[in-house]
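Coordinate analysis (summary)
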Amino acid sequence: MTGVSVVLVGCGAPLKSMGWYHATQILNEGSNIAARLDFIVEPWFLSEAGKTSPGGSEFAEFKQTLEESRGVKFFSRVEDVPPVEKGVKRLAIISAREYLTLFSSVYDGAPNTISPITLHLLFVSIHPGTSDNPRLFASCLDIKANAIFLEKPGAPSVSELEAMMDNARKMGVLVYMGFNKNVSKFSSKARQCANSNGGTITYLHNNNYEESPESLGECFERNSEGMLKNMAIHELALAVTFYGVSVDNIASVDADKEYSRCLTLKGPSGKSFTDFSKLKFTIKTKDGKEVSIAADRCGGDDSVGIVTDKGGKEIARFTMPDDEDAATIKGAEERIAGAMPYFYVQDPDYATLKRRVAQAIVEDDPSAAEGVATIDVAVHALEISEYLTPILMEQLK
């Protein structure tokens with residue numbers, strides 16, 4: 001595939017990092033993403049400390065392979081990326097999670113036809129929990145990105161994300177979000193079923209952590225921004241996008257006390273963290289809409305849309321991954337063995353996200369990124385997460 005150039009900022013460790021997985025999808029022609037990986041910016045593993053840290057040798061091997069076989073150029077700073085060439089557009093992936101500060105303790109446990117115009121695609125995949133997000137985002141604006149792709153939730157706080165959004169708008173830069181469930185088949189099928197039957201939906205998100213204080217404590221520390229800002233932010237984005245939920249129009253929120261658990265556990269550092277190991281709640285809006293969200297750290301590795309009638313009887317459920325995804329997931333497992341399990345499960349949706357965003361830039365038409373959340377959705381989702389967390393914790397006391 002020709003015509004699109006990608007700069008990935010924050011590749012991270014092979015087999016472990018979402019940034020690395022973004023790279024593998026772009027490099028895989030079978031993903032059919034209108035993109036070419038030309039540059040990788042990796043601050044940690046190109047530092048003296050990072051080179052000798054766990055994962056450093058694996059990254060060095062990955063770097064050498066891409067340099068020799070694909071001509072990819074590596075830098076330690078965004079500012080060192082060459083200026084954009086005339087006639088080239090830049091999108092922008094920064095995958096710079098603060099988990100690198102915990103890396104030593106958790107690493108082991110843990111056809112479309114495109115225009116002949118050359119696009120320079122810099123995907124910015126910014127994960128939660130890092131104070132570097134606003135700086136990295138600003139650096140991507142400085143190197144003249146025409147659009148930016150941010151991983152959830154985009155920034156540590158609402159105020160920082162709003163400032164990033166305002167700066168991007170001033171420069172005419174489009175900002176898309178990596179909320180993969182916005183384009184998932186299971187969520188769209190659930191909504192279609194609910195609309196046809198007058199039902200309501202519970203969006204269930206499962207992770208497959210071991211149900212032990214040690215495993216959950218490590219999870220709580222590594223995802224210290226909290227469940228609603230991390231794990232359940234995808235479901236909050238669905239609530240914002242398809243149900244118009246915002247802090248201003250929430251009429252009520254009720255936690256399911258029988259289902260939910262809020263725990264205080266020690267992480268690997270010895271510090272204590274309070275978060276939900278599992279949580280279910282129902283939001284009702286002032287304009288009469290209703291949606292329920294459930295998340296279970298130890299529930300498995302799938303996501304489910306459960307449709308119920310007005311009496312609470314289940315009508316249908318739709319799962320990610322489904323039978324249609326099986327071949328794609330199997331292909332990803334065979335192509336790259338040993339990666340984090342959730343990479344394979346999310347492979348079809350993350351490929352769809354990047355494919356639609358790339359096509360929108362190729363066509364200079366934002367509507368081509370159908371269903372992809374934008375930064376204003378992320379702002380609302382982050383506001384809701386900050387608003388609901390203390391309310392739900394209080395209800396579960």
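Please refer to the structure placed before this passage.
Residues numbered from 1 in each chain as written. Predicted model: local features only at pLDDT ≥ 70, side-chain atom pairs only at ≥ 80, totals over all residues. Heavy atoms only, no water.

Examining the side chain of N182
- Of note, N182 is situated in the loop between β7 (174–177) and α7 (185–197).
- Not counting the four nearest positions on each side in its chain, N182 is found in contact with A237, L238, T241, F242, G371 and A373. (Helix = DSSP H or I, 4+ residues; strand = E, 2+ residues; numbered from the N terminus. Contact = heavy atoms within 4.5 Å.)

Considerations on unusual backbone geometry
- Following M320, the chain continues to P321 via a peptide bond in cis, the omega torsion being 0°.
- With respect to the helices and strands, P321 occurs in the loop between β14 (314–320) and α10 (326–335).
- Not every positive phi belongs to a glycine, and L15 is a case in point at roughly 75°.
- Within the secondary structure, L15 is located in the loop between β1 (4–9) and α1 (18–27).

What to know about helix α9 (residues 233–243)
- Most of α9 is tucked away, with 9 of its 11 residues classed as buried.
- All of the buried residues in α9 are I233, H234, E235, L236, A237, L238, A239, V240 and Y243.
- In this fold, the buried residues of α9 make contact with α7, β8 (200–206), β11 (272–285), β12 (290–296), α11 (341–362) and α12 (375–395). (Buried < 20%, exposed > 50% of the residue type's maximum accessible area, 1.4 Å probe, protein only.)

Focus on the pattern of salt bridges
- One pass over the full model with this rule turns up 17 salt bridges.
- A salt bridge links R317 to E314; its shortest N-O distance comes to 2.9 Å.
- Several salt bridges share partner residues, and in doing so they unite K185, K189, D322 and D325 into one network. (Salt bridge = Lys/Arg side-chain N within 4 Å of Asp/Glu carboxyl O.)

Some remarks on the side chain of R297
- Turning to its location among the elements, R297 is positioned in the loop between β12 and β13 (303–308).
- A distance of 3.4 Å separates a polar atom in the side chain of R297 from a polar atom in the side chain of D275. (Polar contact = N/O pair within 3.5 Å; in protein donor to acceptor, adjacent residues only side chain to side chain.)

Some words on the state of the cysteines
- According to the stated counting rule, one finds 0 disulfides in the structure shown.
- Lacking any disulfide linkage, C219 is separated from the closest cysteine sulfur, that of C298, by 7.9 Å.
- With relative accessibility at 0%, the residue C219 sits in the buried group.
- As a non-bridged cysteine, C262 has C219 as the owner of its nearest cysteine sulfur, 13 Å distant.
- Residue classification places C262 among the partly exposed residues on the basis of a relative accessible area of 30%. (Disulfide = S-S within 2.5 Å.)

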